[in-house]
Amino acid sequence: MGDRPAEVRIHDFLEVDTGFSPEEAIAEANRCLQCKKPACVDGCPVNINIPVFIAEIAEGNFANAAVSIKTQNMLPAICGRVCPQETQCEILCILGNKDKPIRIGQLERFAADEERRTGIKPQDKKPSTGKRVAVIGSGPAGITAAGELAREGHSVVMYESLHLPGGVLTYGIPAFRLPKDVVNAELDQVLKLGVEVKLNHFVGKSVSLSELLTYDAVMLGTGAGLPYFMNIPGEHLNGVYSANEFLTRVNLMHADQFPRFDTPIAKASRVVVVGGGNVAMDAARTARRMGAKVTLVYRRRSEDLPARLAEIHHAEEEGIEFITCANPTRILGEQVVTGVECVRMQMCELDASGRPAAKPIDGDTFTLDCDVVIQAIGQGPNPVLVREIEGIERGRAGNVIADGDGKTSHPKIFAAGDVTTGAATVILAMGGAKKAAQSICSYLTSK
Amino acid sequence: MYTIEKSNEIADKIFEIWVDAPHVARNAQAGQFVIIRIDETGERIPLTISRARGDLVRIVFMAVGKTTHALAAIKPGGNIADIVGPLGHPSEVKSWGTCVIVGGGAGISSTPCIAEALKKAGNKVIGIIGARNAGMLIFEDEMREICDELHVTTDDGSKGRHGFAADVLKETVADQKIDAVWIIGPAIMMKITSMATRDKGIKTFVSLNPIMVDGTGMCGSCRCQVAGKTVFACVDGPEFDAHEVDFDLLMQRQRYYMEQEKEAIALWNQHGCSCAEGK
Ligand SMILES: Cc1cc2nc3c(=O)[nH]c(=O)nc-3n(C[C@H](O)[C@H](O)[C@H](O)COP(=O)(O)OP(=O)(O)OC[C@H]3O[C@@H](n4cnc5c(N)ncnc54)[C@H](O)[C@@H]3O)c2cc1C
Ligand SMILES: Cc1cc2nc3c(=O)[nH]c(=O)nc-3n(C[C@H](O)[C@H](O)[C@H](O)COP(=O)(O)OP(=O)(O)OC[C@H]3O[C@@H](n4cnc5c(N)ncnc54)[C@H](O)[C@@H]3O)c2cc1C
Ligand code: SF4
Ligand code: SF4
Ligand code: FES
Ligand SMILES: [Mg+2]
């Protein structure tokens, strides 16, 4: 098992990595030393009891492995696929010192996939408390909080402005990395706890703030969906997309299947993607699958690329051209994009993020011909609802200020995920949401 | 699923539908819009809320391409998959003094709601509605009932005054003190008509209609230039100061998918349905 060949997979949106076979999973699980003080667990933001579930896999008790994981993480098939394991649980695995660390993410995914194949067991929930909680947003943060709160017996209403739940899992991360049936199965299992989902509800508009505050508590999980643009000349030309728009057109609206689906998208033969994170890799690989030759421009060095290692590797295999230490200065074209002018960058002293600051080398420019430019240079917290909530403290980037337990400056409102941290990761959003859910429970019982 | 309770062709190619959408109707205000998706393979298109009554939302649209034709073809009692709203900021309703509301073509559908809200806020309201010909004129009665004064124009003279709404607006602002103006219609009409108030510095609102996807500020497809700054029409608008808008850019961006739109309507015309064969 493993990755499907690049020359095959660039023609479809099927999953690239086919995962472990049972034999491979058992063999990998058997390499685990079952450490008494497992360092790996400290690296996991939701503290999955990693040696315990791995031991179950080693014994061939796959269903038990899944049950064990789910006490800490209700979305293991998703996290196993998209967590940046190499910087979280796996980097701390003791085996990594001499040999390769245990492939914890792959094992987690395997256990979850096995459970899904054989039928997901319904989760237990406590008797009704009679308390009502509104959860805003159905991304990883909202889903996790909704699940935790429903398990505790609270009645949960989850609002989502789009026509499908899942947040970035649905509209952002492409199916070749995260198949939508995997997302749906894991969401369903949470929603089956009795969470009421109201799609097509844009909170702040469809539901007013005063209506919202009639709930006993509110959990904000509205994410960081605001796309940033570079503010360079030519950005309004036809053919310039934010990664959010490009990915939404394909993942949520299926523009790749136009005209079977009604949503159009540019028919591009040459695409330039700007950025170096997961979002940039996803945009580049999506454009590649739609038949374009793709060049990715990143302002720092290749070793600074913030994307998951696996995605960078997969992108390279799929023929994405990387130009590092370069940055667009101007998008060229009359009405429609014809190219991008870039400047080469030099690396200077380390900045606050511990990475070298990138500075343009004056005059050292070059031009790339293309018909589409996708900007994947970051997203900010969704401002629309948050800016209307009086008395809620916000940070400079527009993020909601929440303490480590998800409490905001508003006594009834709790928050987690990207709306508090800015664009981060699925598992951090989930970790934050679990804490927020606990805070909500104590708030509701103390009332 | 949301039920279409009523559906009528109220003028040539212009349709009025009432959709059962309590979550939209409950909070809808003048100037706001919805995004609808007809079915599982459908695209998301924005349409202005023309009125809200009880649980129902009135939408008035012109059949121009695939989605609007398909929407027009849904019989009363039929469904659409999704409707989200109300989206965008409401019109800036306050006591201005004397207001003029100009509607062009299908854009007239937005005017009764705004006129009524302004009237309630104590303004004198003058309506100017213009269409290509008498057969395409809508809501004359509704506007006549609300407005203190109503002017009707047609491009071909088949009804009311022969000419454009802009002509009447020019005369109106020359004759009397006008405090605020709304102009709603196709981009080119808004661009030309808003010139009538520019020199006098009269506060003039236009409702921008760029191509949208989510309508919640998440994609940036709807970005426009207003006063030299990038705005997202879906969440920062849709109404903006007409004299600050880059209309040429708006029109440029509206044209981006023309080729695909032709392909989509051709397929629709061939089959007249969204069935598998049609796709
Ligand atoms: C393309 C892409 C690839 C990524 N790849 C990875 C990866 O490989 N690994 C990883 O760990 N992370 C990845 N991330 C980051 C990760 O997806 C996010 O950190 C995570 O989804 C944040 O979860 P969230 O629940 O806070 O927000 P989101 O997932 O953004 O969900 C927020 C939801 O709230 C809804 N909403 C917003 N405002 C309102 C409102 N007013 N009313 C109702 N609903 C509202 C939105 O429509 C959305 O559905 C990626 C992100 C992107 C965009
Ligand atoms: C805020 C707003 C309010 C609107 N209100 C109304 C209304 O009340 N009545 C009405 O008749 N029309 C309204 N429109 C325009 C309406 O959305 C388009 O006519 C419709 O999307 C056309 O879709 P189609 O598939 O039938 O035609 P197509 O052939 O696909 O498109 C025809 C033209 O419509 C525009 N358009 C296409 N797709 C979109 C999209 N997703 N978003 C926005 N524009 C698009 C493009 O300029 C295109 O060239 C509004 C647009 C906006 C942005
Ligand atoms: S959830 Fe993520 S960090 Fe935690 S064990 Fe699984 S892969 Fe590692
Ligand atoms: S640190 Fe590595 S070897 Fe030790 S328990 Fe965790 S996964 Fe197993
Ligand atoms: S339509 Fe997506 S940001 Fe406005
Ligand atoms: Mg269309």
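Residues numbered from 1 in each chain as written. Chains lettered and ligands numbered in written order. Predicted model: local features only at pLDDT ≥ 70, side-chain atom pairs only at ≥ 80, totals over all residues. Heavy atoms only, no water.

- Going by an unreviewed UniProt entry, chain B carries the name Dihydroorotate dehydrogenase and comes from Methanospirillum lacunae.

- Looking at an unreviewed UniProt entry, chain A carries the name Glutamate synthase (NADPH), homotetrameric, with the source organism given as Methanospirillum lacunae.

Thoughts on the sheet that holds strand 1 (residues 132–136) of chain A
All names here are of chain A.
Okay, so step 1: Strand order in this open sheet of five strands is 3-2-1-4-15, and the pairing throughout is parallel. Here the strands that pair on one side only, and so sit at the sheet edges, are strand 3 (196–198) and strand 15 (413–415). Ignoring which end each strand starts from, the neighbouring axes of this sheet average 20 degrees apart.
Okay, so step 2: Its contacts with the sheet put helix 9 (residues 140–151) on strand 1, strand 2 (155–159) and strand 4 (217–220), and the angle it makes with strand 2 is roughly 165 degrees. (Pairing = 2+ DSSP bridges. Helix = DSSP H or I, 4+ residues; strand = E, 2+ residues; numbered from the N terminus. Axes fitted to C-alpha atoms, helices over the stretch in contact; angles between N-to-C directions. Contact = heavy atoms within 4.5 Å.)

Description of the packing of aromatic side chains
Okay, so step 1: Counted under the stated rule, the structure contains twelve aromatic pairs over all chains.
Okay, so step 2: A ring pair is formed by Phe62 of chain A and Phe110 of chain A, whose centres lie 4.8 Å apart and whose planes are at 85 degrees; its orientation type is edge-to-face. Linking Phe62 of chain A in helix 5 (residues 62–70) with Phe110 of chain A in helix 8 (residues 104–118), this pair joins segments that are 48 residues apart in sequence.
Okay, so step 3: Here Phe110 of chain A falls in the buried class, since its relative accessible area comes to 4%.
Okay, so step 4: Seen in terms of ring centroids, Trp182 of chain B and Phe205 of chain B are 4.6 Å apart; in terms of plane orientation they differ by 25 degrees. Their pairing is stacked. Here Trp182 of chain B, found in strand 12 (residues 180–184), pairs with Phe205 of chain B, found in strand 13 (residues 203–207); they are 23 residues apart in sequence, far enough to count as distant. For the pair Trp182 of chain B and Phe205 of chain B, a shared accessibility class is recorded, and that class is buried.
Okay, so step 5: A network of ring pairs unites the aromatic residues Tyr241 and Phe246 of chain A together with Tyr256 and Tyr257 of chain B as a single cluster.
Okay, so step 6: Looking at Arg132 of chain A, its charged tip hangs above the ring of Tyr215 of chain A, at a distance of 4.2 Å from the centre.
Okay, so step 7: The lysine or arginine in question, Lys6 of chain B, covers the ring of Trp18 of chain B, its NZ or CZ lying 5.2 Å from the ring centre. (Phe/Tyr/Trp six-rings, centres within 6.5 Å; stacked < 30°, edge-to-face > 60°. Buried < 20%, exposed > 50% of the residue type's maximum accessible area, 1.4 Å probe, protein only. Lys NZ or Arg CZ within 6 Å of the ring centre and 35° of its normal.)

Overview of the side chain of Gln225 of chain B
Okay, so step 1: Relative to the helices and strands, Gln225 of chain B resides in strand 14 (residues 223–226).
Okay, so step 2: Those residues in contact with Gln225 of chain B, other than ones at most four positions away along the chain, are His236 of chain A together with Thr230, Glu244, Val245, Asp246 and Leu249 of chain B.

Topic: the interface of chain A and chain B
Okay, so step 1: Tallying the contact residues gives 47 residues for chain A and 50 residues for chain B.
Okay, so step 2: A buried area of about 4,000 Å², summed over both sides, lies between chain A and chain B, and 52% of it is on carbon and sulfur atoms.
Okay, so step 3: Our enumeration of links across chain A and chain B arrives at four salt bridges.
Okay, so step 4: With a closest N to O distance of 3.4 Å, Glu263 of chain B and Lys267 of chain A form a salt bridge. (Buried area = accessible area lost by both parts, 1.4 Å probe. Salt bridge = Lys/Arg side-chain N within 4 Å of Asp/Glu carboxyl O.)

As for the site of ligand 4
Okay, so step 1: Near ligand 4, the surroundings consist of Cys32, Leu33, Cys35, Pro38, Cys40, Pro51, Cys93, Ile94 and Ile102 of chain A.
Okay, so step 2: The residue inventory of the shell around ligand 4, partitioned by class, reads nine nonpolar, no polar and no charged. (Near = heavy atom within 4 Å. Nonpolar A, V, L, I, M, F, W, Y, C, P; charged D, E, K, R; others polar.)

A few points about the site of ligand 3
Okay, so step 1: Close contacts around ligand 3 come from 14 residues, with Cys44, Cys83, Gln88, Cys89 and Glu108 of chain A the closest.
Okay, so step 2: In terms of residue class, the shell around ligand 3 is built from nine nonpolar, four polar and one charged.

As for the domain arrangement of chain B
Residue and element names in this part refer to chain B.
Okay, so step 1: With domains assigned, chain B is organised as domain 1 (2–87) and domain 2 (98–254).
Okay, so step 2: Taking the mean C-alpha position of each, domain 1 and domain 2 sit 21 Å from one another.
Okay, so step 3: With 18 residues of domain 1 at the interface, the matching set in domain 2 holds 22 residues.
Okay, so step 4: Together, the buried faces of domain 1 and domain 2 total about 1,700 Å²; carbon and sulfur atoms form 62% of this surface.
Okay, so step 5: Applying the counting rule to domain 1 against domain 2 returns three salt bridges.
Okay, so step 6: For the pair domain 1 and domain 2, the number of links is seven residue pairs in polar contact (both at pLDDT 80 or more). (Domains from an automatic or database assignment. Polar contact = N/O pair within 3.5 Å; in protein donor to acceptor, adjacent residues only side chain to side chain.)

Describing the pairing of strand 1 (residues 2–11) of chain B
Residues in a regular strand point their side chains to alternate faces of the sheet.
All names here are of chain B.
Okay, so step 1: Bridge count for strand 1 against strand 6 (residues 79–80) is two bridges, and the pairing is antiparallel. Across the sheet, the residue bridging to Thr3 is Asn79, located in strand 6.
Okay, so step 2: Bridging between strand 1 and strand 2 (residues 14–20) involves six bridges; their strand directions are antiparallel. Looking at strand 2, one finds that Ala11 is bridged to Ile14.
Okay, so step 3: Between strand 1 and strand 2, which pair antiparallel in sequence order, lie two residues; one of them, Lys13, sits at a positive phi of approximately 70 degrees.

Notes on the pairing of strand 10 (residues 149–154) of chain B
Residue and element names in this part refer to chain B.
Okay, so step 1: The pairing of strand 9 (residues 124–131) with strand 10 spans six bridges and is classified as parallel. In the sheet register, Ala131 faces strand 10, and the bridge partner there is Thr154.
Okay, so step 2: Relative to strand 11 (residues 161–162), strand 10 is paired through two bridges, and the arrangement is parallel. The residue of strand 11 that forms the bridge with Thr153 is Arg161.

What to know about the pattern of salt bridges
Residues and elements named next belong to chain A.
Okay, so step 1: Under the defined criterion, the tally for this structure stands at 46 salt bridges over all chains.
Okay, so step 2: A salt bridge links Arg109 to Glu15, with the nearest nitrogen and oxygen atoms 3.4 Å apart. With Arg109 in helix 8 and Glu15 in the loop between helix 1 (6–9) and helix 2 (22–31), this residue pair connects regions lying 94 residues apart in the sequence. Per residue, the accessibility class of Arg109 equals that of Glu15, and both read buried.
Okay, so step 3: Connected through shared salt-bridge partners, Arg9, Arg177, Asp282, Arg285, Arg289, Arg308, Glu311, Glu317 and Glu318 make up one network.

Comments concerning the UniProt feature "domain: FAD-binding FR-type" (unreviewed entry) in chain B
Okay, so step 1: Summarizing the sequence annotation, UniProt attributes the feature "domain: FAD-binding FR-type" (unreviewed entry) to residues 1–93 of chain B in the numbering used throughout.
Okay, so step 2: Segment residues 1–93 of chain B splits into 12% helix and 51% strand. End C-alpha atoms: 33 Å apart. (UniProt positions renumbered as here; feature names shortened; annotations may be inferred.)

Thoughts on helix 8 of chain A
All names here are of chain A.
Okay, so step 1: Taking 1.5 Å of rise per residue, the 15 residues of helix 8 would be expected to cover 21 Å, and the 21 Å separating its terminal C-alpha atoms lies within 8% of that figure.
Okay, so step 2: Within helix 8 the residues assigned to the buried category are Ile104, Gly105, Gln106, Leu107, Glu108, Arg109, Phe110, Ala111, Ala112, Asp113, Glu114 and Glu115.
Okay, so step 3: In the stretch just after helix 8, Gly119 is the one whose phi turns positive, near 105 degrees. (Expected span 1.5 Å × (residues − 1).)

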